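# Commentary on secondary and tertiary structure
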Amino acid sequence: MATDEATTVRVDSWIWSVRLTKTRSLAAAACKAGHVRVNGDRVKPAQTVKVGDEVRVRMDGYERIVVVKRIVRKRVGPPVAAECLTDNSPPRPPRDALLMVPQRDRGTGRPTKRDRRLLEQFREH
């Protein structure tokens, strides 16, 4: 099995091991940027987690809320990773509900005063 007898592990290593991030360096960068919280507190990559801790990871405008069920040191497959955590995350918003950003065609130049007023009118409604 991929578990050791240890009761704690680094938070960046655990986030990567249970496949919340693609790489360990991305997990460490998320910790350094303040996107990871353990039991409500911002943590550094070397902070340890133990069974029962709540870990919140914010990525791409979406927050994953998980509770540590099992400590793993090495990266594990998706079925084993699902057994290592309890996912309490809210459901993701549907893609069509995301804010659409208007885009101008290339080469049309800056918007005119009339274009700007139409955009403002569109945003108000």
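The preceding data block contains the structure.
## Side note on the packing of aromatic side chains
Going through the model one piece at a time under the given rule, you end up with 0 aromatic pairs. The ring of Tyr62 carries Arg92 above its face, with NZ or CZ at 4.1 Å from the centroid.

## Structural notes on the pairing of strand E6 (residues 62–68)
Judged from the 6 bridges that link them, strand E5 (residues 54–59) and E6 form a sheet pairing that is antiparallel. Within the sheet, the bridge partner assigned to Met59 lies in E6 and is Tyr62. Linking E5 to E6, which pair antiparallel, is a turn of 2 residues; within it Asp60 sits at a positive phi near 55°.

## So, helix H2 (residues 24–32)
Of the residues making up H2, those classed as buried are Ala27, Ala28, Ala30 and Cys31. Along H2, the residues classed as buried sweep out an arc of 160° about the axis, all on the same side. Away from the buried face of H2 by more than 90 degrees, exposed residues Ser25 and Lys32 are located. Residues of H2 that are buried in the fold lie against helix H1 (11–17) and strand E2 (36–38). The first or second residue beyond H2 is Gly34, which carries a positive phi of 85°.

Cut-off values and rules
Residues numbered from 1 in each chain as written. Predicted model: local features only at pLDDT ≥ 70, side-chain atom pairs only at ≥ 80, totals over all residues. Heavy atoms only, no water. Phe/Tyr/Trp six-rings, centres within 6.5 Å; stacked < 30°, edge-to-face > 60°. Lys NZ or Arg CZ within 6 Å of the ring centre and 35° of its normal. Pairing = 2+ DSSP bridges. Helix = DSSP H or I, 4+ residues; strand = E, 2+ residues; numbered from the N terminus. Buried < 20%, exposed > 50% of the residue type's maximum accessible area, 1.4 Å probe, protein only. Arc of directions from axis to C-beta. Contact = heavy atoms within 4.5 Å.

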